Amino acid sequence: MVEIPCHGLWRRLDEKGIRFDCGRCGACCGPHFVSDTEQDIILQYLASYGIHERKYESLYHRCPYFQDNSCLIYPVRPLICRLMGLTLLMPCPRGHKPDKALSEEEAIGLIEDIMKQ
């Protein structure tokens, strides 16, 4: 079992009740910033499932964990991935919209909180 120190933060996002119908196209799955805590969580998750760490090929390629229209690290995906499409600050590149958007202040607050962990 992977210990997830930022699980409470992710739960706060889930508790907002925002629903988003992701088309799983991968257009938003580019290189993103991942905090040290999130990187550690991802590495623990990979090790627990026998998946080898993957590196970005370049800043112009998709996330190496996006494969066959699916995210290999979905349960431990970083906050930046969780926010994509849920806030007007980070709209879906394909135009999918949430049932209600997370405010700019809420999104920035969550990002600031994850940076403290």
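This is a predicted model, so every value here is computed, not measured.

Within the secondary structure, D68 is located in the loop between β1 (66-67) and β2 (70-71). A C-alpha to C-alpha distance of 9.4 Å links D68 and R24, two positions 44 residues apart in sequence.

It is worth spelling out the layout of surface pockets at this point. Each pocket or cavity is described by its volume, and for the largest pocket that value is around 910 Å³. Lining the largest pocket are 41 residues, and of these C28, Y74, R77, C81 and R82 sit closest to its centre. Looking at the lining of the largest pocket, the elements with two or more residues in it are α1 (7-15), α2 (36-48), β2 and α3 (79-83). Per-element tally for the lining of the largest pocket: the top contributor is α3, with 3 residues. Classifying every residue of the lining of the largest pocket by side-chain character gives 24 nonpolar, 9 polar and 8 charged.

Formally, a disulfide is one covalent bond, and it connects the sulfur atom of one cysteine to the sulfur atom of another. Summed over the entire model, instances satisfying the criterion amount to 0 disulfides. For the unlinked cysteine C22, the closest cysteine sulfur is that of C28, found at 6.0 Å. Residue C71 stays outside any disulfide, its sulfur separated by 6.2 Å from that of C63, the closest cysteine. What makes C71 partly exposed here is its relative accessible area of 25%.

Ranked by size, the top nonpolar core spans 11 residues in total: L13, I18, L79, L83, M84, L86, M90, L102, A107, L110 and I114. If you list the elements that add at least two residues to this core, you get α3 and α4 (104-116). With 3 residues, α4 is the largest single contributor of residues to this core. Beyond its immediate chain neighbours, meaning those up to four positions away, L86 contacts L13, I18, F20, P98, K100, A101 and L102. Formed by 8 residues, the second largest nonpolar core is a distinct cluster that contains I42, C63, I73 and V76.

This part covers the packing of aromatic side chains. All told, the structure shown has 1 aromatic pair when counted by the stated rule. Directly above the aromatic system of Y74 lies the positively charged group of R77, at a separation of 3.8 Å from the ring centroid.

Phi is positive for R24, which is not a glycine, with a value near 55°. One can find R24 in the loop between α1 and α2. Exposure remark for R24: the relative accessible area of 47% places this residue in the partly exposed category. Although it is not a glycine, N69 sits at a positive phi angle of roughly 55°.

Our next topic: the environment of E57. Here E57 lies in the loop between α2 and β1. The exposure class of E57 is exposed, given its relative accessible area of 68%. Note: C-alpha distance between E57 and P31 (26 residues apart in sequence) is 9.5 Å.

Reading the values: rules and limits
- Residues numbered from 1 in each chain as written.
- Predicted model: local features only at pLDDT ≥ 70, side-chain atom pairs only at ≥ 80, totals over all residues.
- Heavy atoms only, no water.
- Helix = DSSP H or I, 4+ residues; strand = E, 2+ residues; numbered from the N terminus.
- 1 Å grid on protein atoms, 1.4 Å probe; cavity = no way out; pocket = protein on both sides within 12 Å on 5 of 7 lines; lining within 4 Å.
- Points joined across faces, edges and corners; volume = space filled by probe spheres on them.
- Nonpolar A, V, L, I, M, F, W, Y, C, P; charged D, E, K, R; others polar.
- Disulfide = S-S within 2.5 Å.
- Buried < 20%, exposed > 50% of the residue type's maximum accessible area, 1.4 Å probe, protein only.
- Core = buried A, V, L, I, M, F, W, Y, C linked by side-chain atoms within 4.5 Å.
- Contact = heavy atoms within 4.5 Å.
- Phe/Tyr/Trp six-rings, centres within 6.5 Å; stacked < 30°, edge-to-face > 60°.
- Lys NZ or Arg CZ within 6 Å of the ring centre and 35° of its normal.

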